[in-house]
Amino acid sequence: MAANATTMTQRTAITPSTYTWEGTDRQGRRIKGELQATSEALLKADLRRQGINPLKVKKKSKPLFTKKKKIIAKDIAIFAKQLATMMGAGVPLVQAFDIIGRGHENPAMQEMIMGIKSEVESGTSLTDALRKYPLYFDALFTNLVDAGEQSGVLETLLDKVATYKEKTEALKGKIKKALFYPTAVMVVAFIVTTILLLFVVPQFQDLFQGFGADLPAFTLMVIHLSEFFQAWWWLIFGIIGATLYTLIQANKRSPTFHRALDLLSLKIPVVGEILRKSAIARFARTMATMFAAVVPLVEAMDSVAGATGNALYEEATLRMKDDVSTGTQLQLTMRQCGLFPNMVVQMVAIGEESGSLDDMLGKVADFYEEEVDNLVDGLSSLLEPLIMAVLGVVVGGLVVAMYLPIFKLGSVV
């Protein structure tokens, strides 16, 4: 307990804070500024090294209400690219962290970068410093950084990590684009229909009561549906909310349900093909990146399995790992699992025979990422008229149902 308390105290002590300072330079001119440091004494020492005589140093107080933007995967990709660029230009690692951290617009990202910088300054390896933030730096990222530190080509592998992150985030963006548009339109259609049933139809219902004539069957059906909504709207919304919450939680907590959902998603027309090709692209991109970093194949496949984004491909990759560990060729295990097209298997076979597996897998990833892009564009073109037709039938049907009695009355008159 005592050792843990000491460790926690040391970590707290090296957390950087922002200070405002005033002082004089070598010519006696009064200057001021703002810097981050782990203590006031270290800040003053740093200023003196720069030829500045500190007169006043004050810790900057944090606002009572600060809203930090969430750190997203794109932030991590940009961070890796910036770090690789600076190291390639010969900027020392600690100084690179300082430049990137102070220049970042997201306070949460800035705080994390400066925390990593403090860890590295205290003698911790970059890999161990990154592993203290597992929410943002996964096993793939830290393994590649570790390989770069061990082999002395950290900037090269950081560049590969950055490229990998950019490619995978672009691929995720395409998948979200394919799924977001129809979902958003359906949600809007449901909201519009609900407003019509709860507020518009009752107004027409009051109007129809004075007609003294039988209403068309379609109009009666809509009126009964509106009455049901008015009486049980709280139950309908409750069931929808509870169902969505249950599905989300089951997908997170139940591997069986998650696997069944992934398997079902692969069978959806067009969308299933997009998800399948996306999983293959992620598999190939991750494997190519790990292999280029000279990470052993068996060790790399753990990270590859988690990066596929589909439980079916994850299980297949782990089975392939077991086969590869016994000496079986990668292309044979891929052929046996039955989830990879013949073209992918042939490319891997050529790569294994020629010793350029990372290059071949990179070409496979490029091909399937382009395929996903084309499929998403095709799906969007296909869905636009289909969704407009659905909206027209649903909303237009409700409007027609309300005006049918008026048309009927006009013909009688």
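The structure under discussion appears in the preceding block.
The paragraphs below set out a description of the structure included in this document. What you are looking at is a predicted structure, and each value in this text was computed from that prediction instead of being measured.

### A short note on the pattern of salt bridges
- A full pass over the atoms with the stated rule returns eleven salt bridges.
- Of the charged contacts, one joins Glu315 and Arg259 as a salt bridge, the two residues approaching to 2.8 Å between their closest N and O atoms. Note that Glu315 is positioned in helix α13 (residues 311–325) and Arg259 in helix α10 (residues 255–265), a separation of 56 residues in sequence.
- Relative accessible area serves as the criterion here: at 31%, Arg259 is assigned to the partly exposed category.
- Residue Lys277 pairs with Glu371 through a salt bridge whose shortest N-O separation is 2.7 Å. One end of the pair, Lys277, is in helix α11 (residues 271–292); the other, Glu371, is in helix α16 (residues 357–412), with 94 residues separating them in the sequence.
- With relative accessibility at 14%, the residue Lys277 sits in the buried group.
- In this structure, a network of salt bridges that share partners links the residues Glu273, Lys277 and Glu371.

### What about the packing of helix α3 (residues 73–88) against helix α4 (residues 93–103)?
- Across the interface, α3 lies against α4 with an axial gap of 10 Å and an inter-helix angle of 135 degrees. Here α4 runs oblique to α3, going by the angle between their axes. Classified by chirality, the crossing of α4 by α3 is right-handed. Contacts between α3 and α4 involve Phe79, Gln82, Leu83, Met86 and Met87 from the first element and Leu93, Ala96, Phe97, Ile99 and Ile100 from the second.
- Residue classes in the contact of α3 with α4 are distributed as nine nonpolar, one polar and no charged.

### A word on the pairing of strand β2 (residues 30–37)
- Bridge analysis of strand β1 (residues 17–24) against β2 gives eight bridges, and the strand direction is antiparallel. Directly across from Tyr19, in β2, lies its bridge partner Leu35.
- Hairpin connection between β1 and β2: a loop of five residues separates the two successive antiparallel strands, and Gly28 in this loop has a positive phi of roughly 85 degrees.

### Quick word on the nonpolar core
- Core analysis: the biggest nonpolar cluster contains 41 residues, and Met287, Leu330, Met334 and Phe340 have the highest contact counts within it.
- Among the elements of the structure, α8 (154–208), α11, α12 (297–307), α13, α14 (330–337), α15 (342–354) and α16 are those that each provide at least two residues to this core.
- When residues of this core are assigned to their parent elements, the largest contribution, eleven residues, is made by α16.
- Residue contacts for Met334: discarding those within four places in its chain leaves Phe283, Met320, Phe340, Val344, Val345 and Val348.
- Among the nonpolar cores identified, the runner-up in size contains 37 residues, and Met109, Leu140, Leu144 and Val161 belong to it.

### Examining the layout of surface pockets
- Empty space within the largest pocket amounts to approximately 990 Å³.
- Considering the residues around the largest pocket, the lining is formed by 40 residues, among which Glu169, Lys172, Arg282, Gly306 and Gly309 are closest to the centre.
- Looking at the lining of the largest pocket, the elements with two or more residues in it are α3, α7 (139–151), α8, α9 (217–253), α10, α11 and α12.
- The greatest single-element share of the lining of the largest pocket, amounting to eight residues, is contributed by α8.
- Of the residues contributing to the lining of the largest pocket, the split by class is 20 nonpolar, eleven polar and nine charged.

### A closer look at the environment of Ala217
- Within the fold, Ala217 resides in helix α9.
- On the basis of relative accessibility, which here comes to 63%, the residue Ala217 falls in the exposed class.

### Structural notes on the packing of aromatic side chains
- If you walk through the whole model with that rule in mind, you get nine aromatic pairs.
- Note on Phe137 and Phe141: the rings are 5.0 Å apart at their centroids and 65 degrees apart in plane angle, and the pair reads as edge-to-face. Across this residue pair, the class does not change: Phe137 and Phe141 are buried.
- Arranged with centres 5.1 Å apart and planes meeting at 90 degrees, the rings of Phe367 and Tyr368 form a pair that is edge-to-face.
- We classify Phe367 as partly exposed; its relative accessible area is 38%.
- Assessed through its relative accessible area of 5%, Tyr368 is described here as buried.
- Put simply, the rings of Phe79, Phe97, Phe137 and Phe141 pair up and form one aromatic cluster.

Procedures and definitions
- Residues numbered from 1 in each chain as written.
- Predicted model: local features only at pLDDT ≥ 70, side-chain atom pairs only at ≥ 80, totals over all residues.
- Heavy atoms only, no water.
- Salt bridge = Lys/Arg side-chain N within 4 Å of Asp/Glu carboxyl O.
- Helix = DSSP H or I, 4+ residues; strand = E, 2+ residues; numbered from the N terminus.
- Buried < 20%, exposed > 50% of the residue type's maximum accessible area, 1.4 Å probe, protein only.
- Axes fitted to C-alpha atoms, helices over the stretch in contact; angles between N-to-C directions.
- Parallel < 35°, antiparallel > 145°, perpendicular 65-115°, else oblique.
- Left-handed = near helix turned anticlockwise from the far one by under 90°.
- Contact = heavy atoms within 4.5 Å.
- Nonpolar A, V, L, I, M, F, W, Y, C, P; charged D, E, K, R; others polar.
- Pairing = 2+ DSSP bridges.
- Core = buried A, V, L, I, M, F, W, Y, C linked by side-chain atoms within 4.5 Å.
- 1 Å grid on protein atoms, 1.4 Å probe; cavity = no way out; pocket = protein on both sides within 12 Å on 5 of 7 lines; lining within 4 Å.
- Points joined across faces, edges and corners; volume = space filled by probe spheres on them.
- Phe/Tyr/Trp six-rings, centres within 6.5 Å; stacked < 30°, edge-to-face > 60°.

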